[in-house]
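Residues per chain are reported as follows:
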Amino acid sequence: MTDSKKVLIIVPALNESRVIGRLIKEIKSHCPQGTIVVINDGSQDDTAPEAEMAGAQVVSLPYNLGIGGAVQTGFKIAAEGDYDAAVQIDGDAQHDPQYLHRVLEPVLTGKLDLCIGSRFLAEGPGFKSTFTRRLGIRFFARLLSGLTRVPLTDPTSGFRATGKKLIHEFAQYYPVDFPEPEAIQTAKRLGAAVGEVPVKMRKRLGGISSIRFLKTFYYMVKVTLAILIDTLKKRPPKEIS
Amino acid sequence: MNAKTFAIIVAFLIVGFIVDLIRRQKMTFKYSLFWLSASALTLLFAFCDRMLSRLASLAGFELTSNFIFFLYLAFVSLLCLFLTVYINEQNSRTESLAQNLGILQFKIKELEKELERKR
């Protein structure tokens, strides 16, 4: 039943020509029913032709919009194409496509409106990262769990699936710069059901993380404020599903 | 030259400059209205300095000059705030334009491919 639904796989990519081809082929083998659209966020290298050669549809932005603007482009395409679900997976191949189904499942069955793949729920060896990174993730997990009353472990994860109603909301408004934690609060404000499923993440194969060490503190302050400001925003009159 | 004459000359220069900008269509009506009223106020205060000092003492300022500085700062701060909102609006518009441009280019490419296949 879930196979008949229209799924858009959004792959935001910035200068990932080394890994994007392999990633697209992997996604295709794990999720052949999905439409893959690579959002080329102003790459300077051959990301677009590499992705096209691997069989993905490629939307190239005229200049770099950042991850938020890139992902929102995907939501706009999903909203226009009347897709049932959109799943976002990073173009740096950090997210393992074999978990695509697991992330999509709760959204396709209607259990959740926003399903996040968490690297901290997974069994087996844990996720290795720098101390500050882990501290930041923990901090946002606590903050968002408190605000949304949903137990969250990995609010910064960009491996997530979104249902139809949220797709249309996110096509209208999606946070910029470092959107993942804020998007959770926005979704919750709109009355969406949010949850997590365990996934494993790999070491980055290429590209560089958009969050560099010195910027971590700035992002933490910025995103915290953005989340708190979002709680002040107007709630919709109607509940989502 | 006394301060009043100087203030009047400067006020007239400002008004003249703004009118010239509007004449050369460097400013749209929305913003010209804002600047015209600001310059009208400057002219009014330049001529009626007694009214200005009465207003200053009414607001609790001992020195009229302090009142002028206060008005000026409040004006500039407000202007900054408006410009921030304006920049923000432009920002989200260009972002939206960039996204839609990307999507349109993609659609054109797809259509071209389809045409090629049909030929």
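Everything below is about the structure printed above this text.
What counts as what
Residues numbered from 1 in each chain as written. Chains lettered and ligands numbered in written order. Predicted model: local features only at pLDDT ≥ 70, side-chain atom pairs only at ≥ 80, totals over all residues. Pairing = 2+ DSSP bridges. Helix = DSSP H or I, 4+ residues; strand = E, 2+ residues; numbered from the N terminus. Axes fitted to C-alpha atoms, helices over the stretch in contact; angles between N-to-C directions. Parallel < 35°, antiparallel > 145°, perpendicular 65-115°, else oblique. Contact = placed C-beta atoms within 7 Å. Nonpolar A, V, L, I, M, F, W, Y, C, P; charged D, E, K, R; others polar. Expected span 1.5 Å × (residues − 1). Buried ≥ 20, exposed ≤ 12 C-beta atoms within 10 Å, placed from the backbone. Arc of directions from axis to C-beta.

1. Remarks on the sheet that holds strand β3 (residues 57-60) of chain A
Residue and element names in this part refer to chain A.
Thought 1: Here seven strands make up an open sheet; going across it, the order is β3-β2-β1-β4-β6-β5-β7 and the pairing mixed. Edge positions in the sheet fall to β3 and β7 (194-198), since each of these pairs with one other strand and no more. Sheet twist, expressed as the average angle between the axes of neighbouring strands with direction ignored, equals 20°.
Thought 2: Inspection of the sheet shows strand β1 (residues 7-13) paired to strand β2 (residues 35-40) by six bridges, in the parallel sense. Note that in β2 the partner of P12 across the bridge is I39.

2. Some remarks on the packing of helix α7 (residues 179-189) of chain A against helix α8 (residues 215-232) of chain A
Residue and element names in this part refer to chain A.
Thought 1: At their nearest, the axes of α7 and α8 sit 9 Å apart, and the two run at 10° to each other. Taken as axis vectors, α7 and α8 run roughly parallel relative to one another. Residues P181, E182, Q185, T186 and R189 of α7 touch α8, and the partners they reach there are V223, A226, I227, D230 and T231.
Thought 2: The residue inventory of the contact of α7 with α8, partitioned by class, reads four nonpolar, three polar and three charged.

3. Description of the interface of chain A and chain B
Thought 1: Contacts between the two partners involve twelve residues from chain A, matched on the other side by eight residues from chain B.
Thought 2: Every element with two or more residues in the side of chain A that touches chain B is listed here: β3 and α3 (66-80) of chain A.
Thought 3: Here the side of chain A that touches chain B gets five residues from one element, more than from any other, and that element is α3 of chain A.
Thought 4: Partitioning the side of chain A that touches chain B into residue classes produces six nonpolar, five polar and one charged.

4. Comments concerning helix α5 (residues 131-148) of chain A
Residues and elements named next belong to chain A.
Thought 1: Compared with an ideal rise of 1.5 Å per residue, which puts 18 residues at 26 Å, α5 spans 25 Å between its outermost C-alpha atoms and is within 8% of the ideal.
Thought 2: Residues of α5 that are buried include every one of G136, I137, F140, A141 and L144, and no others. Down the axis, α5 shows its buried residues gathered within 135° of arc, on one side only. Away from its buried face by more than 90 degrees, α5 exposes F131, R142 and G146.
Thought 3: Residues of α5 that are buried sit in contact with α7 and α8.

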